[in-house]
Amino acid sequence: MKKIALTGCPNVGKSVVFSRLTGVNVISSNYPGTTVDFTKGTTAIGGEKFELIDVPGTYSLEPTSKAEEVAQTMLQEGDIVINVVDATHLERNLYLTLEILERKKPTIVALNLWDETKHLGIDIDVEKLEQLLGVPIVKTCALCGTGIKELASAVGDAKPSKTIESPMSEEERWLRVGEIIRDVQVVHHRHHTIRERIADATVKPATGIPIAILAILFVFLFIIEIGNAIIEYLLDPIFCNYYGPWIVGVVNSFAPSGLLHDLLIGTSTVEALDFEQSLGILTTGIYVPFGMVLPFIITFYFMLSLLEDLGYLPRLAILVDTGLHKLGLHGSAIVPTILGCGCNVPGALATRILETKKQRFIAMTLMAITVPCMAQSAMIIAILGRYGIKWILIVYSTLFVLYISLGLVLKRVVKGESPELLLEVPPYRRPDPVTLLKKTWSKAYSFLAEAVPFVILGIFIVNLLYVFGIVDVLSRVFSPILTTLLGLPEGAIIALILGVLRKDIAIGMLLPLGMSPQQLTIACIILATYFPCIATFFVMLHELGVRYMLKAAGLMVAVSLSAGIIMRMILIGI
Amino acid sequence: MSDTSPDGRGVPLTSLLPGERAKIIALEHGKGRQHHFRTMGLMEGKIVKVIAAQPARGPFVIDVEGTQIAIGRGMARHILIQKI
């Protein structure tokens, strides 16, 4: 089977071209020995089958990064090359095109985003460009599907360029790009559209900062209010009126009492349904992920996807850049931090967008200590909310103060560089509702797939620990720290043990202990900071290495303990 | 302030105010960064417009032929321009 290498710069719509050309058999994988992702699939053109490889998007083939190295190798493996070019940014795209043509592989160029050139006042003489490059060019609009058929049927016409000499030096190549642009492209002057004016307002400090504050406030209220509404009007009625009585009845019919009964539904009875504290696999184990956390996961990822698809996050990065520099980071670090508010695992992985090890260490450590994931936040809100919003605010302000103060210290003590921000700001785009819902659904689904088994495992472990009296032993051992230093009941040790597995269920473990709101607040701060859940721990270990992970872990314990003691002194007294 | 430095090499991009336009004269960065800039569309001869300058020595937001780029001041200072 012949191979077609699909190449192009980042953000030219290459993946859309790819999915238009291939069918369902698409495999996504890492290139051997690297973290560079690529996708391949098969396509039939004129009765012949081809393997289509989506080469990672790069601006050039000079091997200065892993992605460029991989792109270069994969290009060599292709029999035919399709070079996807952004027609609205022809000049910067042509550099890569020339590099590809110099390799003398049979090539065709897809001039993508063609429809947009008209709105932007860009005239491109395609025939002339075809002559100059010496390979066939097809105008495409991958999003709407125009030109894709023509592109497929042009694969047979792909040929090596006779007009582009090789090899050229970097300087010669840029000169050539300039010559070609002068010959084929005319840009008409046009006035700023209203959309561009609004876009500019969101990055100008005088207007951008108030807009950002309003936007964050709106997002926050949306997540909380809609999440609460889903629980109050939909999930709680289902659990209390239908699921609860049914499951208690079913379990009672074959295990009216005894170990199995307690393991499955705990202390719940038909008269006294207790989803939160009964510690049964089918009561608490189902209610916590579905009835308490899922609604907030849905509202959070809906909002996050909306901000992503809209293109707002890079603007936010610009506005917070100065502040984050004081913490040894730069504006782009806001993206992993926001992702971490959903789940620390993708948050830790997203720190790869930061350039240096110092930045990545600071970003990951700050996140692991001070950014609670949405599952954890949902439980904090549920448990502290019943005593008033004041207690929730105390937890989050404490975490915020820790984020800032720890960052100020880490910036000074961690060796390495903190480079400046350099970021392309894409134009705002109208989010597509279907994509938005699909994204939200896939996040909710993967939350359930990961959370439910672990929550059930956690409750199973708790039951074992109680049955075998291990909780009592550990409670006594840790009593000096928990009771004397932190002012918590010694039974809180069970939450700390479970917190290593999952934070949401760990916070749920605090409920049966009958604590005061002050104690619950301290316990929530401790649980958020003392150690990441096991999934986050392993991702951090992989990303940072053993030595840095040990440093981070030491910081976590130290910060958590000191914050806990200070909050105890403030809230409870000495 | 004069529009070009005495030797005619241009002035730093950071001397522009929001809304001002200028022509890029030279990129005085290392080879790797220069290349990176060019692939982002930042190159000699291009017209650049400052959209916003963040306070407290924060980054500049500039527009080069329809592409918006946020760039730290340290890097922006080494882009030499001629006001137009």
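Thresholds applied
Residues numbered from 1 in each chain as written. Chains lettered and ligands numbered in written order. Predicted model: local features only at pLDDT ≥ 70, side-chain atom pairs only at ≥ 80, totals over all residues. Helix = DSSP H or I, 4+ residues; strand = E, 2+ residues; numbered from the N terminus. Buried ≥ 20, exposed ≤ 12 C-beta atoms within 10 Å, placed from the backbone. Contact = placed C-beta atoms within 7 Å. Nonpolar A, V, L, I, M, F, W, Y, C, P; charged D, E, K, R; others polar. Pairing = 2+ DSSP bridges. Core = buried A, V, L, I, M, F, W, Y, C linked by C-beta atoms within 7 Å. Axes fitted to C-alpha atoms, helices over the stretch in contact; angles between N-to-C directions. Parallel < 35°, antiparallel > 145°, perpendicular 65-115°, else oblique. Left-handed = near helix turned anticlockwise from the far one by under 90°. Domains from an automatic or database assignment.

Right, let's talk about the overall build of chain A for a bit. When helices and strands are counted, chain A shows 24 helices and ten strands. Principal-axis analysis of the C-alpha atoms gives chain A an extent of 80 × 55 × 45 Å. Across the 574 residues of chain A, 42% fall into the buried class. For chain A, restricting intrachain contacts to residue pairs at least 6 apart in sequence, the fraction spanning at least 24 positions comes to 71%.

Another point: the interface of chain B and chain A. For interface size, the figure often reported is the accessible area lost on association. With 24 residues of chain B at the contact, the number on the chain A side is 23 residues. Counting residues per element, the ones that place at least two in the side of chain B that touches chain A are helix H1 (31-39), strand S3 (47-53), strand S5 (67-71) and helix H2 (73-77) of chain B. Element by element, the count of residues in the side of chain B that touches chain A is highest for S5 of chain B, at five residues. Along the lines of polarity and charge, the residues of the side of chain B that touches chain A split into eleven nonpolar, eleven polar and two charged. Of the strand pairs in this sheet, strand S10 (residues 422-425) of chain A and S5 of chain B are connected by four bridges, and their pairing is antiparallel. Counted as the bridge partner of Val-425 of chain A is Gln-68 of chain B from S5 of chain B.

All names here are of chain A. Counting residues in hydrophobic clusters, the biggest one holds 129 residues, and the most contacted among them are Val-293, Ala-495, Ala-523 and Cys-524. For this core, the element with the most residues is helix H11 (residues 284-310), which contributes 13 residues. Once residues within four sequence positions are removed from consideration, Val-293 is found in contact with Val-288, Ala-375, Ala-378, Met-379, Ala-451 and Asp-504. Core analysis: the second largest hydrophobic core is formed by 52 residues, Leu-90, Ile-108, Ala-110 and Leu-111 among them.

Turning our attention to the sheet that holds strand S1 (residues 11-12) of chain B. Paired through backbone hydrogen bonds, the strands of a sheet run either parallel or antiparallel to each other. Taken together, seven strands build an open sheet; the order of strands is S10(A)-S5(B)-S4(B)-S3(B)-S2(B)-S6(B)-S1(B) and the sheet is antiparallel. Strands with a single pairing partner mark the edges of an open sheet, and in this sheet they are S10 of chain A together with S1 of chain B. The sheet contact formed by S1 of chain B and strand S6 (residues 79-83) of chain B spans two bridges and is antiparallel. Opposite Val-11 of chain B, over in S6 of chain B, you have Ile-81 of chain B as the bridge partner.

Now for the packing of H11 of chain A against helix H16 (residues 374-385) of chain A. All names here are of chain A. It is at 9 Å that the axes of H11 and H16 come closest, and there the two elements cross at 120°. Relative to H16, the element H11 lies oblique. In the packing of H11 onto H16, the handedness of the crossing is right-handed. Where H11 approaches H16, its residues Met-292, Val-293, Phe-296, Ile-297 and Phe-300 are matched on the opposing element by Met-374, Ala-375, Ser-377, Ala-378, Met-379 and Ala-382. Looking at the contact of H11 with H16 residue by residue, the class counts come to ten nonpolar, one polar and no charged.

Looking now at the domain arrangement of chain A. Domain assignment breaks chain A into domain 1 (2-187) and domain 2 (206-571). Centre-to-centre, using C-alpha coordinates, domain 1 of chain A lies 43 Å away from domain 2 of chain A.

This part covers the environment of Glu-77 of chain A. Residues and elements named next belong to chain A. Position of Glu-77 among the secondary structure elements: in helix H2 (residues 66-77). Among the residues examined, Glu-77 registers 11 C-beta atoms within 10 Å and is labelled exposed. Separated by 70 residues in sequence, Glu-77 and Gly-147 have C-alpha atoms that sit 26 Å apart.

Moving on: unusual backbone geometry. Despite not being glycine, Lys-104 of chain A shows a phi value in the positive range, around 60°. Within the secondary structure, Lys-104 of chain A is located in the loop between helix H3 (90-102) and strand S6 (107-112). One non-glycine residue, Arg-57 of chain B, lies in the positive phi region at around 60°. Looking at Arg-57 of chain B, the number of C-beta atoms within 10 Å reads 12, which means it is exposed.

For the rest of this paragraph, the subject is the pairing of S6 of chain A. Residue and element names in this part refer to chain A. Most of S6 is tucked away: six of the six residues are buried. Taking every second residue as pointing to the same face, both faces of S6 are buried, with Thr-107, Val-109 and Leu-111 on one and Ile-108, Ala-110 and Asn-112 on the other. Bridge count between strand S5 (residues 80-86) and S6: six bridges; the pairing is parallel. Bridge assignment links Asp-86 to a residue of S6, and that residue is Asn-112.

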